[in-house]
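# Geometric and topological summary
Here's the letter readout for the chains.
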Amino acid sequence: MTDFQGRKTLISGATRGIGKAIATAFLEAGSTVLGVYGSNREAADSFIQEWKENASFQENRLFLYQCDISDDSSVLKLFKEIEQQ
């Protein structure tokens, strides 16, 4: 994979399955990952814990946000939250 040091990547479905695998690959390539999940907070917490135990772990590189991407107002709220951070 290309070096993504210093870049930010937004990934939907980032806490399980293929989305989680993609998020992990980007983290390991140096990207800061802004991950979106629908409603499974337990999966999000588990992913955060797994990342902390990963050999490539660095603080402040994985941020997870709950968002219903089928709802326009929820998506707008997500982007406002990301911009504020």
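Everything discussed here concerns the structure shown above.
### Here we look at the environment of leucine 27
- Mapped onto the elements of the fold, leucine 27 is located in helix α1 (residues 17-28).
- The buried category is assigned to leucine 27, whose relative accessible area is 1%.
- Separated by 24 residues in the primary sequence, leucine 27 and tryptophan 51 place their C-alpha atoms 8.7 Å from one another.
- Residues within four places of leucine 27 in sequence aside, it is in contact with Val33, Phe47, Trp51, Arg61 and Leu62.

### Observations concerning the pattern of salt bridges
- Overall, the coordinates contain two salt bridges when judged by the stated rule.
- Residue glutamate 50 pairs with lysine 20 through a salt bridge whose shortest N-O separation is 2.7 Å. Taken as a pair, glutamate 50 in helix α2 (residues 41-53) and lysine 20 in helix α1 lie far apart in primary sequence, 30 residues in all.
- Exposure remark for glutamate 50: the relative accessible area of 37% places this residue in the partly exposed category.
- Residues aspartate 45 and arginine 41 are paired through a salt bridge, measuring 2.9 Å at the closest nitrogen-oxygen approach. Taken together, the residues span about one helical turn, with aspartate 45 and arginine 41 both in helix α2 at a distance of four residues.
- Under the relative-accessibility criterion, aspartate 45 is labelled partly exposed at 39%.

Conventions we followed
- Residues numbered from 1 in each chain as written.
- Predicted model: local features only at pLDDT ≥ 70, side-chain atom pairs only at ≥ 80, totals over all residues.
- Heavy atoms only, no water.
- Helix = DSSP H or I, 4+ residues; strand = E, 2+ residues; numbered from the N terminus.
- Buried < 20%, exposed > 50% of the residue type's maximum accessible area, 1.4 Å probe, protein only.
- Contact = heavy atoms within 4.5 Å.
- Salt bridge = Lys/Arg side-chain N within 4 Å of Asp/Glu carboxyl O.

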